[in-house]
Structures are given as structure tokens and as C-alpha cells.
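# Structural overview for review
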Amino acid sequence: MKKAADEIDKERYKKAFENLDKVEKIAEEVKNPEISYHLLYFKGFAKYRIDELEESLTLFGKALEISWKLFSEEPEKEDYRFFIRDTIGSIGDILSKLEDPDKAKEYIYPMKGIFEKAVLGFEKLLESDPENPAYLEEFLETIENIGLCFEAGELIEDAVPLFDKKLDIIEKLLKSETEMSEHLSSLDDSLMNFGRICEEKECLEETKHIYDRAIEIYGKVLDKDPENSETKVYLSYVYRYLAGIYTDLENLVKAEECYKKALDLLESEIEEETENIPVSENIEVSESISVSKNIPFSMALADMYKDSGLIFSDTEETTKARYYYTKARETFRGLMDKYPDILGADKNLARSLDELAELFSEIGDFESAKICYKDELRVYENLLQKEPENPEYSLKLSDVYRELGDLFAEEEEIEKARAYYEKEIEIYENLHPTEADKLMLEANKADTWNQIGNLYAEEEPETAVQYHERALPVFQEAFESDPHSEFFHEELFETLTSLGLLFKKNREFEKAIWAYERILKVQKQLLKLMPPESIHDLNHNHDLEHNHDLDHDHDLDIETTYFELGVLHSELGDEEKAGAYHRQALERFDQIIAEQFEDPELLILTSGKAFFLGMSLLEKLESEKKDSSIARKYYELALRTIENLYESCPTNLGLQKMLASFAEQIGDIYRDADKLEETIQEYEYAYKSLKVLYENEPENPMHLHHMLGALNNIGIGYSVTDQQEKGKECFEKALALNESLAKSNPEDLDPLKRNFLLFSNYANLLEEIGDSETAKEFHKKAEEIDAKLAEEDPEWVSSQEDF
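Residues numbered from 1 in each chain as written. Predicted model: local features only at pLDDT ≥ 70, side-chain atom pairs only at ≥ 80, totals over all residues. Heavy atoms only, no water.

## A short note on the overall build of the protein chain
- Broken down by element type, the protein chain carries 33 helices and 2 strands.
- In terms of overall size, the protein chain is more extended than a compact globule, its C-alpha atoms giving a radius of gyration of 36 Å where 803 residues would be expected to give roughly 28 Å.
- Counting only C-alpha atoms and orienting by the principal axes, one finds that the protein chain spans roughly 115 × 65 × 65 Å.
- Within the protein chain, residue pairs in contact and separated by at least 24 positions form 65% of the contacts whose partners lie at least 6 positions apart. (Helix = DSSP H or I, 4+ residues; strand = E, 2+ residues; numbered from the N terminus. Rg over C-alpha atoms; globule rule 2.2 N^0.38 Å. Contact = heavy atoms within 4.5 Å.)

Structure representation (C-alpha cells):
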């Protein structure tokens, strides 16, 4: 047996199994249950080490049966308590490694009976000696191991009552005040893991129950020892976890109350004069030193302020988010000012400042974000002074310079943004990379040139072109060396697209065509390298390639490139080439739609893209009085796809909304181009879809509003095309609809505004058909509404345009 154990440790599994086979022969002769148990345990462990997990579980399952028999007969025997505890722990480890909750359940169900009997066995053992610390510790470990099994199988309904028993044991152990720190830490780890699993399974009430019990236990410890700092910290963490539950339940008032309790606990530990304590794990400095007790508590306090703000970051209460983020920033700054030698070089502080800067940016507080980034710069500058040859700190500095450059770019402070981008480039130029890293370093530099180019795109396009042209050969070389790198091909697309747009804007159409033809060439090359569905899985790994967010979505968007080339050739007057490229774009759309027929979401996205391209082209061609038939093909393709999708999913009203929106937008373009027959056709299509929506959602006033707009535009179209009776019918239908809408909300001025337009347009039509008396009547009504609106709405401007 010992030889087998040694061979397993040395990873010589063949020899280990040979020795275990010898043990098995002896076990068959002597019929000793302890030998049989050890044999199964070691065999199961060896199988676990070679990743034969299911065979391992079968062996441990048999070992569990023997360990239970031994434990049930002699529970006072320490070895037998260890047998059952360790066997269940090993089973939990293997089930976790499986990462398959359904498979885990299959193994757990036959074992649940023994788990339950083991719990009862320990409870019976404790009846004879309720305060025995060894029994309590072993019972706690056994319960933790059973809990690990239940967590692997996501059996929350079994885990909750077990966790309650665990809390009972911890409460007893804490009363003894022995190894309190270890028990407090263990409880916090368990709460975190259990809470995470419960939240994933949306068992929020169960999680809340466990957190409430933990708060009660910590509270009892503090009743006995009000100055116990460690307990206060862990209690603050539970309040943070509980705040997360209330946030998930969208009860932000309760969530904030929990955070305030957590903050109060931490603030109570900040003292004027404090003792020094060993450096804690949340401070990452190079030296092993003692620090003021205020430092770890203040760091925890700042993090708690930050988390308090997070609950309001996605709401309209950004003022509250800003308040808590500011408290966090002030706490971090206070620490840096008071303890510059320690926290001036703390990597954890730098990471916290970076995260806080991002949070400020998300709520639009760029000034505070800048302060955080500048404080982060101080930390990395100090670290670099201590280790000037460490490239990690140089690259971290370059990241912060990039973030500051991006913030100033967001605020259109071009020169300040450029200054930070140039500092980023300066860092790259001062690094001494290995030969393997040189290309990535150049690519990072070229990426920053692109950022500078983007700064000048509007005001100084010539300068922008210079920077993008400087970046282009770098990314061309990088892509050729590693075409599978997402970073390289995305940045090559970005550079070429920026150049194409600048050339197009400057009406340098031949240069723009050159840029888009290069894009097309790269896209076709990528298409040969891999199937389109795998393009998003491209990854790039490189030590010098640090985080530059990629917002681009070029992928293999060949259809858009064909479209752009069609538009550009049309600008040069080469309609034959333009038509050829548009046909290729449409063929590509047809191909994609055929491939996506089983995925409605992708079909909707593709149709939306085709519609957007067609609409923009239609608007351009109609405004230039050119033939727009090719543009309409994009629209018809999108319309046909959504119609087919709606036929297969008639309950999806979102598709009807898309159809109505498509037709309304195209109708607007034709109306502005004075193509009235086409206008009527599109608005009638829109009205038909809107009517379906209204019949299904009569409580939604927006459907009526859009129906009124469609009827108004159809009425005008018929009026101008000498179909006055049809126009009259449309206006009368619209007036009736608007009247019912006005009754639902008498205080709303919008129906009055719509009536002004409808009365004015209807009056004009009545004049055309010779009914001057009724026309005067409606003109008068329109004037009365106009006067009332001018009185009640200072922003009202009389207009007879579409609403």
C-alpha cells in the first residue's frame, strides 16, 4: 500500500496499480474492511490523478459504503471519522472537476442516503459530548464536503438546510473562542461560494436567509467582544453580499441600507493613532513590512464606497453613484497622501483606481476619472523608479496614458489628447523588446497613431490621413505574419476604413476605392483561412499586447464592402461597375440569409443591415434625382426576409414593428422626393402592419400615433394625386382615431397638435373638392387649436408638416 502511495506521488501510475493489484489479492484473503477501504481509496485517487473521473467516482462510492459501515459501528474512533470525511471530500472534488451538474446528480442520488446517515451519526456522537471541539471540527468539515457535492450538482434545495447545520456548528465553535480567526475566514469563504451558486440559480430568498443567519452569528460575537475588528470586517462583507441580493430584487433602498451598515462598521475602525500590523493581502507591495491598521481598513472602506455606488450606476440616480464613487476616490487619495512610501507603490491600489476611473467614465464624470487615472500614474511611476527594467510597469503606464488620451478625445480637447497619446508612444519607443515582441510593439504604436489620426478626422483630414498612412504598413506586415490574430486584422480593417472614409469625405473617390479594394482583399483572404462563424473566436496572445478595447465589427462583412465600392464607382460615373458591386452585395446578403434560416436573431440583424444600406442609398439617389431601383432591392430583400420570418413566428409582434418602421422610413424618403404614388404604397403597407399591432396591443398609444401619421401622409398623397375622395376617407378615419386617443388622456397636448395638422390638411382637401363652407369650418378649428397651443405650450410652432 505504501509503495502504491509513493508511486502515485511520483506520477508512476502503472507501478502504482501493480502494487494495488497485490494489495487486492491480500484483501481477498484477509477480508479486512480497513484494507478494503484503503485499497478503494487509493485506486480512486490514482484514477482521479489520471483524469478517469467516472471510474474514480465508482471506486470512491464503494469506499464510502465501507467508511460508513466502520463509522456507524465505532463513531468514537478517530480514523473512521476521517475515513468518511475524506471520502466525501474526494467525491466532492471529483464532482466539481466534472463541471457537469446533471452528471454529478446521477452520482449524488445513490450516495445521498449515506450523506444523511453521516450527518445523523455525527449529531448522535455529539449528544454524548456536545462541546467536544474535535467532534465539532470534524462534523463541520464533513458537512462542508457534503455541501461541495451538492454545489457540484446544483442541488440548492439540499444545500440550504445543510448550510443551516453548518452555521449551528460554527456558532458553537465561536463560543469557545479557539481558532476564531480561522472559523470567521472559513465562514466568509463559504458564504461567498454558496451565495454565488444560489444567485446563479436565482434562489435569492434562500441566499437571504443564510446571510441573515450569518449576520446574527457575527452579531453575537460582537455582543461578547464589541471591539473585535476582524468580526466587524466580516460582518461588513455579509452586509455587502446582502446588498447584492436586494439589488437583484431591484430593492435599491434596502441595498443602500445594507451598504450603509457595512460602511459604518468599517468607519468605526479608522482611528487617529493606530498600532502597526503585518501587511495584509489587499496591499501588494514588494517588501515584507508592518503597516498602520488604518491602511487595510481604509482600503476596504474605499472598495465598499465603490460598491455602494455601483447599485445606482445603471439607474437615473447617477448623483448617488457619483457621491459614493467620490467618497472612494477621496479615501484612496487620503491614503496616498498620508502613507506615500507604502501606498505610492501599491499595485492593488493602482488596480482599484483604474476600476474607479472606469466607473466615473460610465456615469459621464470625466473630470473625476482623470483624477483617478493621474493618481494611478503616480503609483506606476513610483514602481518604475524602483524597478526601471520591469516592462510590466512601463506598459501599465502606457495603458493609463491611453485612457487619459481617450477621455480628452471624448471631450474634443484634441491637443491634450494628442499629448497623452504621444506619451504612450514614447514609452513604446523606450522599451527594449525581444525579437519576438518587436512586431507587437510596433502594432501597439501604430494603433496609437490611428487614435491620433481619429482626433483630426473632422478638422484636419489631411493630418488624419498622414497618421493612418503611417500605421498602415505596420498592420499590413503584422497581418501577413499572423493573419489569425484578431488584433492585427481588426486594426488593419480600422486603418483602411478610416482612410476610405476620409478619402470619400474629401471626394477623392479613386483613393477611397483603393482603400475598400484592400479591405475586400483582406476579407477574402480571411474567408479562405476559416469559416465565417469562427471569426469571432480568433484570439491573439502576446506579452506586449495589452488591453486596447476593440469596438470594431468588420469581421467578414464583405457585403458592406461591396456596397461601398458600388457607391464609390457610382460617384465616378461608372454605373456598370457600381451595379456589379451592388449585385455582389445582394448575392452575399442572400447567401447569409440562407445560412441563417434557423437563427431568427441573426436574420433580424442581417435584414436590419440590408435595410439600413438600402435606405441610405435610396435617400442619396432620390435627393440627386437618380435611378434608385438598385437601392430598393436592398429594401425589398430586408422586407421579404422579415415577412417570411413573421409567417413562421406570427406571435412575434416585434417583426410587425420592424415591417411598419421599414415602410414608414422609406415612405418618408419618397414623400420628400415628391414621389407620391410610391409614398402612398409605403404608408399603406405601414398602416396595415400598425393595424395588426394595435389590434394585439390596444393599450399602446404609440401604435395609434403611428397609424395617425400614416393616414395623414396617405391622405395628403391621395389629395395631390387627384384622388380626393380616398384622401377624404383617410383624414376622416384619422380624425376619429385621434378623438379616441384624446379621450384617454385629456391633459395631453399631443392629440391637439395632431388635430391642428389633420384639420389643416383636411381643410385644404375640402377646398380642392369645392366644399368651401366645411373647409372654413375646419380652418377655424385649426386656428383655435393654434391659439390654444401657443398659450399653453411656449415651444409650439405652427406647422403643417408630418407629425
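Having seen the model, we can carry on.
## Some details on unusual backbone geometry
- Despite not being glycine, E154 shows a phi value in the positive range, around 50°.
- Exposure remark for E154: the relative accessible area of 26% places this residue in the partly exposed category.
- Of note in the backbone geometry, K625 takes a positive phi value of approximately 60° without being a glycine.
- Relative to the helices and strands, K625 is located in the loop between α26 (600-623) and α27 (629-648).
- Of the residues examined, K625 reaches a relative accessible area of 66% and is grouped as exposed. (Buried < 20%, exposed > 50% of the residue type's maximum accessible area, 1.4 Å probe, protein only.)

## A few points about the packing of helix α25 (residues 575-595) against α27
- At their nearest, the axes of α25 and α27 sit 10 Å apart, and the two run at 5° to each other. When the axes of α25 and α27 are compared, the pair comes out roughly parallel. Residues H582, A585, L586, F589, D590 and I593 of α25 pack against I630, K633, Y634, L637, R640 and T641 of α27.
- Grouping the amino acids of the contact of α25 with α27 by side-chain chemistry returns 7 nonpolar, 2 polar and 3 charged. (Axes fitted to C-alpha atoms, helices over the stretch in contact; angles between N-to-C directions. Parallel < 35°, antiparallel > 145°, perpendicular 65-115°, else oblique. Nonpolar A, V, L, I, M, F, W, Y, C, P; charged D, E, K, R; others polar.)

## With respect to the pattern of salt bridges
- Tallied over the entire structure, the rule returns 57 salt bridges.
- For E269, the salt bridge is made with K232, and the minimal N-O distance between the two is 2.8 Å. Here E269, found in the loop between α12 (252-267) and β1 (276-278), pairs with K232, found in helix α11 (residues 229-248); they are 37 residues apart in sequence, far enough to count as distant.
- By relative accessible area, E269 is classed as buried at 2%.
- The exposure class of K232 is buried, given its relative accessible area of 10%. (Salt bridge = Lys/Arg side-chain N within 4 Å of Asp/Glu carboxyl O.)

## Overview of the packing of aromatic side chains
- Following the criterion strictly, the structure yields 27 aromatic pairs and no others.
- Here Y325 and F360 contribute two aromatic rings whose centre-to-centre distance is 5.7 Å and whose plane-to-plane angle is 75°, an arrangement assigned as edge-to-face. Of the two residues, Y325 is situated in helix α14 (residues 318-338) and F360 in helix α16 (residues 347-362); the sequence distance between them amounts to 35 residues. Take Y325 and F360: they sit in the same class, and that class is buried. (Phe/Tyr/Trp six-rings, centres within 6.5 Å; stacked < 30°, edge-to-face > 60°.)

## A look at the nonpolar core
- Counting 207 residues, the largest nonpolar core has I84, L95, F115, L191 and Y218 as the members making the most contacts within it.
- When residues no more than four places from it in sequence are discounted, the contact partners of F115 are L64, I88, I108, I146, C149 and F150. (Core = buried A, V, L, I, M, F, W, Y, C linked by side-chain atoms within 4.5 Å.)

## Thoughts on the environment of D771
- Positionally, D771 belongs in the loop between α32 (750-768) and α33 (772-792).
- Here the side chain of D771 touches T774 through a polar contact of 2.8 Å, side chain to side chain. (Polar contact = N/O pair within 3.5 Å; in protein donor to acceptor, adjacent residues only side chain to side chain.)

## Details of α25
- Spanning 21 residues, α25 covers 30 Å between terminal C-alpha atoms, matching the ideal 30 Å at 1.5 Å per step.
- Regarding α25, the residues found buried are A578, G579, Y581, H582, A585, L586, R588, F589, I592 and I593.
- Close packing links the buried residues of α25 with α23 (509-529), α24 (558-571), α26 and α27. (Expected span 1.5 Å × (residues − 1).)

## Section: a negative patch on the surface
- A surface patch of negative charge is lined by E410, E412, E415, E459, E460 and E462.
- Examined against the element boundaries, E459 turns out to sit in the loop between α20 (438-455) and α21 (461-481).
- Note on E459: relative accessible area 64%, which makes it exposed. (Patch = residues over 30% accessible without salt bridge, like charges linked within 9 Å, V, L, I, M, F, W, Y side chains within 5 Å. Areas by Shrake-Rupley, 256 points an atom, 1.4 Å probe, with all protein chains shown as cover. Lys, Arg positive; Asp, Glu negative; His and termini not counted. Charge placed at Lys NZ, Arg CZ, Asp CG, Glu CD.)

## Overview of the confidence of the model for the protein chain
- Chain-level pLDDT for the protein chain is 88 on average; 92% of the residues reach the 70-or-more range.
- In this model, residues 279-289 is a region of pLDDT below 50 whose contacts with residues beyond four sequence positions or in other chains number 29 contacts.
- Contacts for the low-pLDDT stretch residues 535-554, under 50 throughout, to residues beyond four places or in other chains number 53 contacts. (pLDDT = per-residue confidence, 0-100.)

## Here we look at the packing of helix α8 (residues 156-176) against helix α10 (residues 204-224)
- Running from N to C, α8 and α10 cross one another at 5°; their axes reach a closest spacing of 11 Å. Relative to α10, the element α8 lies roughly parallel. Contacts from V160, F163, D164, L167, D168, E171, L174 and K175 in α8 reach E206, H209, I210, R213, I217, K220, V221 and K224 in α10.
- Here the contact of α8 with α10 is composed, by residue class, of 7 nonpolar, 1 polar and 8 charged.

## Considerations on the environment of K105
- Mapped onto the secondary structure, K105 falls in helix α6 (residues 101-128).
- Those residues in contact with K105 that sit more than four places away from it in its chain are G153 and L155.
- Only 3.1 Å separates the side chain of K105 from the backbone oxygen of G153, close enough to count as a polar contact.

## Some thoughts on the side chain of E256
- Position of E256 relative to the elements: it lies in helix α12.
- Among the polar contacts made by the side chain of E256, one reaches the side chain of K320 at a distance of 2.9 Å.
- With sequence-adjacent residues up to four places away left out, E256 is seen in contact with I311, F312, K320 and Y324.

## Looking at the environment of K117
- With respect to the element layout, K117 can be found in helix α6.
- Classification of K117 as partly exposed rests on a relative accessible area of 38%.
- Here the alpha-carbon distance between K117 and A350, two residues 233 residues apart in the chain, equals 51 Å.

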